[in-house]
Structure formats: C-alpha cells, structure tokens
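If you want the building blocks of each chain, they are given just below.
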Amino acid sequence: MSNNTTESSTTEAAGISGFGGHLLSTEDGHALPALGTDGAALVPRLLALGLEDAEQVIAVASIAEARAELQRVLGLKDQPFQRFLDQVQGLLPASRAAVFNTPSPKDLGLGVRAPTPEMLAAAATSAEVERDMEAVAL
C-alpha cells in the first residue's frame, strides 16, 4: 500500500475530505446523524453536485446567487433550508464556520489578484519576442 493511499484512508476515517474539510457522510456514504432526518435525502444530492464537506456547503450558501440555486436544487423552502445549513454549520468549530460563512471581497474576482507591473512587462516582452520570430516551414 502506498503512502498516499494510507493518508487518504486515514483522513477519510477521521471524517476529513481530500480538501481538508469535514465530511457530510460516513465512509459508507450515509449522512452524518448530526444532519438530522433530512440529511439522508440531502447529502446524496450534495455529493452529486461535488459538495462533499461542510465547508463547501457553507461557502456556496454564503454567495447569494449560489445559495438560491442550491436551495432550489435541494428542493427546500426557506426555513427548512436554513435549518439544514445550521446543522451543516454545526459540524464545524465556530472559528472555521466563520471563515467559510463570509464570501471573499468582490475585488478579488474569482480569487485571482491583478497582475503586477512586472508581470505585465514580462508578458509584453514575451509577446514582442514571439512576434519577431520567423515562421518555420515544415
């Protein structure tokens, strides 16, 4: 057994996803009891969407447009949806939940910072070099 397989098995047994988050389901795919009776129906839907840990669900739900779509896909009215999110958030330590409960500022766009002047200069130089090169006949 390779070291990566050992590490993966260890983190899954501990309830930690490959992303470092708190899993929504047990190793055999059943919803965690802390997610209540609705969890059994909702966790498979979340897993089908690629949301496997509590941090991912809380992060998606913190974005207004994504929250509405998640609620629609899960088929929940406002109060049951909020109750489920509260149960998911309850899987996390308070400090960790707070980090994922607030989306990043919009000035970061999709998480990428604006290029520095040095990066822009390097890109311009690279474009000039490519333009000056002659085509090679095959």
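Reference entry: report on the structure contained in this document. Worth saying up front: this structure is predicted, and the values here are computed from it rather than measured.

About the criteria used
- Residues numbered from 1 in each chain as written.
- Predicted model: local features only at pLDDT ≥ 70, side-chain atom pairs only at ≥ 80, totals over all residues.
- Heavy atoms only, no water.
- Helix = DSSP H or I, 4+ residues; strand = E, 2+ residues; numbered from the N terminus.
- Buried < 20%, exposed > 50% of the residue type's maximum accessible area, 1.4 Å probe, protein only.
- Contact = heavy atoms within 4.5 Å.
- Areas by Shrake-Rupley, 256 points an atom, 1.4 Å probe, with all protein chains shown as cover.
- Polar contact = N/O pair within 3.5 Å; in protein donor to acceptor, adjacent residues only side chain to side chain.
- Core = buried A, V, L, I, M, F, W, Y, C linked by side-chain atoms within 4.5 Å.
- Axes fitted to C-alpha atoms, helices over the stretch in contact; angles between N-to-C directions.
- Parallel < 35°, antiparallel > 145°, perpendicular 65-115°, else oblique.
- Left-handed = near helix turned anticlockwise from the far one by under 90°.
- Arc of directions from axis to C-beta.
- Expected span 1.5 Å × (residues − 1).
- Bend = angle between axes of the 7 residues up to and from the residue.
- Salt bridge = Lys/Arg side-chain N within 4 Å of Asp/Glu carboxyl O.

1. Structural notes on the overall build of the protein
When you go through the protein residue by residue, the secondary structure sums to 7 helices and 0 strands. Written out in order from the N terminus, the α and β elements of the protein read α-α-α-α-α-α-α. Across the 138 residues of the protein, 22% fall into the buried class. Intrachain contacts of the protein at a sequence separation of at least 6 include 59% that bridge at least 24 residues. When the accessible area of the protein is evaluated, it comes to approximately 9600 Å², of which 59% is carbon and sulfur surface.

2. Some remarks on the environment of valine 73
Along the chain, valine 73 falls in helix α4 (residues 64-74). Residues within four places of valine 73 in sequence aside, it is in contact with Arg45 and Leu49.

3. What about the side chain of serine 62?
For serine 62, the location among the structural elements is in the loop between α3 (54-61) and α4. Polar side-chain contacts of serine 62 include one of 2.7 Å to the backbone oxygen of alanine 59.

4. Details of the side chain of glutamine 71
When you line up the elements, glutamine 71 lands in helix α4. Looking at glutamine 71, its side chain comes within polar contact range of the main-chain oxygen of lysine 77, at 3.4 Å.

5. Here's the deal with the nonpolar core
Of all hydrophobic cores here, the largest spans 21 residues; its most connected members are Leu24, Leu46, Val57, Leu70 and Val88. Elements represented by at least two residues in this core include exactly α2 (36-48), α3, α4 and α5 (78-89).

6. Describing the packing of α2 against α4
Taken N-terminus to C-terminus, the directions of α2 and α4 make an angle of 125°; their axes are 10 Å apart at the nearest point. Classified by the angle between their axes, α2 and α4 sit oblique to one another. Considering only the axes of α2 and α4, their crossing is right-handed. Together, Leu42, Arg45 and Leu46 of α2 and Leu70, Val73 and Leu74 of α4 make up the contact between the two elements.

7. Let's talk about α4
Of all the residues in α4, the buried ones are Leu70, Gln71 and Leu74. Along the axis of α4, the buried residues cluster in a sector spanning 100°; they form a single face. Facing away from the buried side of α4, by more than 90 degrees, are the exposed residues Glu65 and Arg72. For α4, the secondary structure elements touched by its buried residues are α2, α3 and α5.

8. Describing α2
One turn of an α-helix holds 3.6 residues; hence residues three or four places apart share an orientation. The end-to-end C-alpha distance of α2 is 19 Å, a good match for the 18 Å that 13 residues give at a rise of 1.5 Å each. Leucine 42 marks the point of greatest bend in α2, at about 40°, and the proline proline 44 comes within the next four residues. Buried within α2 we find Gly39, Leu42, Val43 and Leu46. In the core, the buried residues of α2 are packed alongside α3, α4 and α5. Phi for glycine 50, located one or two positions after α2, is positive at around 90°.

9. Let's talk about the pattern of salt bridges
For the coordinates displayed, the defined rule picks out 2 salt bridges. A salt bridge links arginine 96 to glutamate 55; the shortest N-O distance between them is 2.6 Å. Taken together, the positions of arginine 96 in helix α6 (residues 94-100) and glutamate 55 in helix α3 put the pair 41 residues apart, joining distant regions of the chain. On the basis of relative accessibility, which here comes to 29%, the residue arginine 96 falls in the partly exposed class. Glutamate 69 is paired through a salt bridge with arginine 72; the nearest N and O atoms lie 2.5 Å apart. Note that glutamate 69 and arginine 72 are positioned in helix α4 at a spacing of 3 residues, about one turn of the helix. By relative accessible area, glutamate 69 is classed as partly exposed at 38%. On the accessibility criterion, arginine 72 (56% relative accessible area) is exposed.

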